[in-house]
Amino acid sequence: MRKKVMALALTTAMAVSLAACGGGGQTAGTTAAPGTTAADNQGGDAQPAGDGSGLVYWSMWEATEPQGQAIQAAVEQFTADTGISVDLQFKGRTGIREGLQPALDAGTNIDLFDEDIDRVNTTWGQYLMDLEDLAKGADYEATANAGLIAACREVGGGTLKSIPYQPNVFAFFYNQSIFDEVGITAAPTTWAELDAACAKIKEAGYTPITCDDAYITCMFGYHMSRLVGEPKTEEIVKGGQWDDPSVIATAEAYADFASKGYFSDTIASNVWPAGQNQELAMGTAAMYLNGSWLPNEVKDMAGDDFVWGCFSYPAVEGGTDGVDAANYGAQVLAINKDSQNAENAFKLICYITQGEFDKMLSELSIGIPADSNNSEWPELIACVKPVMDSMTTRYPWAAGAEANADMTPIIKENFLKLCGGSMDAQGFVDALKKAGN
C-alpha cells in the first residue's frame, strides 16, 4: 500500500469539525452572523424577521461550512418563493450549545433551530413544539427516512418534535484496498470473523485497528451492548455494576486482541485526530470505529484512490444484539414551542430537508441524504448505505458507555491502556471499581 506522504503535512494543520458530532469531543468555534437574512443577501422586498411574519433561525453550522452553504441556499430560495424573510444566524457548535438555552429562557425571538438529535430532544426538550399535525398536513413522512422519523419520535417521548436531516451512522470504516490485498472477501459479521480478518491484516504488515481518545469509549460501549443490550449497558455504567460478567468479558475480548497485536502501537496515546489522519488515511491502518462523517473529514489526506468500506460492529457469541443495532441518527430541526410562525417555520424545514437542497447538502458535505427520493448517495460513502438501511435498533452515543459522566474519563483512560497492552482485563475492571468507590 502506497503511503500518501505528502498528505501527512496536512495533519498538523487539519482542523475539521466533527460534522455529525453527537459526541466524540470535538466542537467548532463560534461564528455568529446576527441580523443576516436571506432577504438582505438578495435585496428583495421580503417581510422583516421578528415581526411575527418573518422567521428567526439559529443554526449549529458555520456560514463557511458545506452544511451552512446549503442551508443558506435553501433559505434564499425559500425567501424568493414565499416573500418571507429569514434571520439566519450561524452560531457554530459552541455558540448554540452555550447560547441557545439562555436565549430561549430569556424569551428571545427564535422560531427554529438545529443540532444533534439527542441534544435537541433531551437537553432542550422542554422548548420543543409538537410537530405531528404540521408533518401530517404536509404529508412529510411520504418521502422521509422512516427509521430516522421513528428515532425522532423515540427520543421525543413518543411524539415527533424534530425533523431529521444529514443522517449519520456509527460503524467500522475500513480500507477496501487492504482487505482486497490480504484476501478478505466479506466484511466481518461476528467477533470471530473480525479476529480472523485482523490476523490476515497483521500478517501482511498493516495495523488492523486504530482508535484514539475521542472514540475509544465507543468500542467499550458497543461490545458491552452486543453482549447484554444497550439498556443493560447503561444500567451497569450508571450504577457502577462492574462485577457484571459482561464487563470482564468485554475487557478480555479486547485484551486478547491487544495481545495479538491487532491495535495500533500508539493507540494508548493517540489524541484525536491522530488515528484517522496519520494511520487510516495514510494507509497503514485498516479499520477504525467511527461515524459516516469520517470519509469527508480525511478525504484530502486519503486521496482519490482510497476506497472505503463499512460494516456494522460484529455480533458476539451468546450476545443480545446483532449487526442491525448501532448509534445512528441525524442533526434535527426543531420549532420553538413559543413561535408565532410555526407553519412558515415548518415550510422552511421542508425546503432544507427535502428535494433540491437536501441533495445539495448531501453532495457538498459528502453526507447521507434525508429525503428517500434522493436515492443517489455520494460515491465516497456509498458503502454506508447497506449498513444504514439495515439498522433496526438505535443506540445512543457510545452505546451507553458515556451514560455516567463521572465515569467517562475513567473508562476512556483505562480502556486505552487495555488496548495498548499496558493493562490486563482484570486490571481494567479493578480500575473501574476503584474509581467508583
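Note: the structure precedes this text.
Residues numbered from 1 in each chain as written. Predicted model: local features only at pLDDT ≥ 70, side-chain atom pairs only at ≥ 80, totals over all residues. Heavy atoms only, no water.

**Q** Mind showing me how you'd approach the packing of aromatic side chains here?
**A** Where two aromatic rings form a pair, the distance of their centres and the angle of their planes describe that pair. Evaluated as defined, the whole model comprises 27 aromatic pairs. Ring centres of F170 and W397 lie 5.3 Å apart, and the angle between their planes is 80°; this geometry places the pair in the edge-to-face category. Residue F170 is found in strand 4 (residues 163-175), and its partner W397 is found in the loop between strand 10 (393-394) and helix 18 (408-420); the two are separated by 227 residues along the sequence. Of the two residues, F170 and W397, neither departs from the other in class, the shared state being buried. Centroid distance W191 to F257: 4.5 Å. Interplanar angle 15°. Geometry classified as stacked. Of this pair, W191 sits in helix 9 (residues 191-203) while F257 is found in helix 12 (residues 245-259), placing the two residues 66 residues apart along the sequence. What makes W191 buried here is its relative accessible area of 13%. Its relative accessible area of 0% is what places F257 among the buried residues. The residue whose ring lies beneath K91 is W58, and the NZ or CZ to ring-centre distance is 4.1 Å. (Phe/Tyr/Trp six-rings, centres within 6.5 Å; stacked < 30°, edge-to-face > 60°. Helix = DSSP H or I, 4+ residues; strand = E, 2+ residues; numbered from the N terminus. Buried < 20%, exposed > 50% of the residue type's maximum accessible area, 1.4 Å probe, protein only. Lys NZ or Arg CZ within 6 Å of the ring centre and 35° of its normal.)

**Q** Just checking my understanding: could you explain the environment of N414 for this structure?
**A** In this structure, N414 sits in helix 18. In this structure the C-alpha to C-alpha distance between N414 and G427, which are 13 residues apart in sequence, comes to 8.7 Å. Residue contacts for N414: discarding those within four places in its chain leaves M423, F428 and A431. At 2.9 Å, the side chain of N414 forms a polar contact with the backbone oxygen of I410. (Contact = heavy atoms within 4.5 Å. Polar contact = N/O pair within 3.5 Å; in protein donor to acceptor, adjacent residues only side chain to side chain.)

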